[in-house]
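# Summary of the model geometry
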Amino acid sequence: MTASGIYVYGIVRRTHPLATGAIGVGEPPAPVRLLPADDLAVVVSAAYPGLRARRRDLMAHQGLLMTLAEAGPVLPMRFGMVAPDEDTVLAGVAARHGEHVAVLERLDSRVEMNIKITPLQDNLATLIREDPVVRRIREETRRHPSYEANVRLGEAVAAGLRRRAAVAAAGLPAEFAGMADEVRPGPDVEGCVLNVSFLVPRREEGRFRNVAERFAADHRDRLELRVTGPLPCYSFVAPEPVPARA
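Residues numbered from 1 in each chain as written. Predicted model: local features only at pLDDT ≥ 70, side-chain atom pairs only at ≥ 80, totals over all residues. Heavy atoms only, no water.

### With respect to the overall build of the protein chain
Regarding its fold elements, the protein chain presents eight helices and nine strands. Against the compact-globule benchmark of 18 Å for 246 residues, the protein chain has a radius of gyration of 23 Å, which places it well outside the compact range. Projected onto the principal axes, the alpha-carbon positions of the protein chain cover approximately 75 × 40 × 30 Å. When each of the 246 residues of the protein chain is scored for burial, the buried share is 42%. Counting only contacts in the protein chain whose residues sit at least 6 apart along the sequence, the fraction spanning at least 24 positions is 78%. Carbon and sulfur atoms make up 54% of the accessible area of the protein chain, which amounts to about 12900 Å² in all. Charged side chains in the protein chain number 32 positive and 31 negative. The centres of these two groups are separated by 5 Å. (Helix = DSSP H or I, 4+ residues; strand = E, 2+ residues; numbered from the N terminus. Rg over C-alpha atoms; globule rule 2.2 N^0.38 Å. Buried < 20%, exposed > 50% of the residue type's maximum accessible area, 1.4 Å probe, protein only. Contact = heavy atoms within 4.5 Å. Areas by Shrake-Rupley, 256 points an atom, 1.4 Å probe, with all protein chains shown as cover. Lys, Arg positive; Asp, Glu negative; His and termini not counted. Charge placed at Lys NZ, Arg CZ, Asp CG, Glu CD.)

### Quick notes on helix H6 (residues 147-169)
With 23 residues, H6 extends 33 Å from end C-alpha to end C-alpha; this agrees with the ideal 33 Å at 1.5 Å per step. Regarding H6, the residues found buried are Ala-149, Leu-153, Ala-156, Val-157, Gly-160, Leu-161, Arg-164, Ala-165, Ala-168 and Ala-169. (Expected span 1.5 Å × (residues − 1).)

### Examining the pattern of salt bridges
Overall, the coordinates contain 12 salt bridges when judged by the stated rule. Note that Arg-13 and Asp-108 form a salt bridge whose closest N and O atoms lie 3.5 Å from each other. Separated by 95 residues along the polypeptide, Arg-13 in strand E1 (residues 5-13) and Asp-108 in the loop between helix H3 (97-107) and strand E6 (110-119) bring together distant segments of the chain. For Glu-204, the salt bridge identified is with Arg-207, shortest N-O distance 2.9 Å. Residue classification places Arg-207 among the partly exposed residues on the basis of a relative accessible area of 40%. Three or more residues are tied together by salt bridges with common partners; here these are Arg-13, Glu-105 and Asp-108. (Salt bridge = Lys/Arg side-chain N within 4 Å of Asp/Glu carboxyl O.)

### As for the sheet that holds strand E9 (residues 223-231)
Spatially, E7-E8-E6-E9 is the arrangement adopted by the four strands of the open sheet, whose pairing is antiparallel. Each end of this open sheet is capped by a strand with a single partner; those strands are strand E7 (182-185) and E9. Between one strand axis and the next, the sheet turns through 20 degrees on average, direction left out of account. Looking at chain direction, E7 and strand E8 (residues 194-201) are connected through four bridges and run antiparallel. Bridge pairing links Pro-185 to Val-196 in E8. Helix-sheet contacts for H6 involve E6, E8 and E9, and the interaxial angle to E6 is about 145 degrees. (Pairing = 2+ DSSP bridges. Axes fitted to C-alpha atoms, helices over the stretch in contact; angles between N-to-C directions.)

### Focus: helix H8 (residues 205-218)
When the terminal C-alpha atoms of H8 are compared, their 20 Å separation across 14 residues agrees well with the 20 Å that a helix rising 1.5 Å per residue should span. Lining the buried residues of H8 we find E6, H6, helix H7 (172-175), E8 and E9.

### As for the environment of Phe-176
With respect to the secondary-structure elements, Phe-176 resides in the loop between H7 and E7. What makes Phe-176 buried here is its relative accessible area of 1%. The sequence separation of Phe-176 and Phe-208 amounts to 32 residues, and the corresponding C-alpha distance is 7.3 Å. In contact with Phe-176, not counting residues within four places along its chain, are Ile-115, Phe-198, Phe-208, Val-211 and Ala-212.

### A word on the side chain of Asp-57
Inspection of the secondary structure assignment puts Asp-57 in helix H1 (residues 55-70). With sequence-adjacent residues up to four places away left out, Asp-57 is seen in contact with Val-25, Gly-26, Leu-51, Arg-52 and Phe-79.

### Describing the confidence of the model for the protein chain
The predicted model of the protein chain has a mean per-residue pLDDT of 86, with 93% of residues at 70 or higher. Mean pLDDT across the secondary structure elements of the protein chain bottoms out at helix H4 (residues 124-130), with 69, and peaks at strand E2 (residues 32-37), with 95. (pLDDT = per-residue confidence, 0-100.)

### Points about the pairing of E1
Burial of E1 is extensive: eight of the nine residues sit out of reach of the surface. The pairing of E1 with strand E5 (residues 82-83) spans two bridges and is antiparallel. Note that in E5 the partner of Ile-6 across the bridge is Ala-83. The sheet contact formed by E1 and strand E4 (residues 75-76) spans two bridges and is antiparallel. Paired with Gly-10 across the two strands is Pro-76, which belongs to E4.

Here you go:
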């Protein structure tokens, strides 16, 4: 099959190790290589027509970046970034060389840890006791039951659970102030009251998890907390560091 461009995974230092036989996206999986760019290197493979966001390819992209990150800092690209040829990739890296070097220095020995918080969906007795709006609508529904009243009550309960979780979640970033170098809010996620990423020194990963677990335990009657990481530091780099098309 004839390649239709250069698939770009990320940028690393030129001395960054790459495992022998590393493979990336595509069917069959394309061999991955380092494309030298002065004291940097771009992690690339051939891009073939028909590339789609299939689970296998998404996992291959993410897995390769996570393996690279274990050996040193990586400036990661989002899935599906393809440049027309090597010259385009190298020109893009050269144009922002100093920026890339600075980013890799900032990410050295650091990982991204993401936290998502969703409302706890039970313990309604506490919500009714604490939330006057929910309590009032519940009393009205009991006095005048109807389908519409039940819908209003359900909406009020959902909003109350979200408010209660959001108030508790607002205190979370301060818990990590002493160990996270940077904090970045993530995009809105349906059902979440908080989606936030932290740039954490790798040596602090264990303590980060312990603090998150303690925070979740302290607010277990209000929220559910999920920690994801360590991740490539997507949230702490500028998007599309080399010219490419999605």
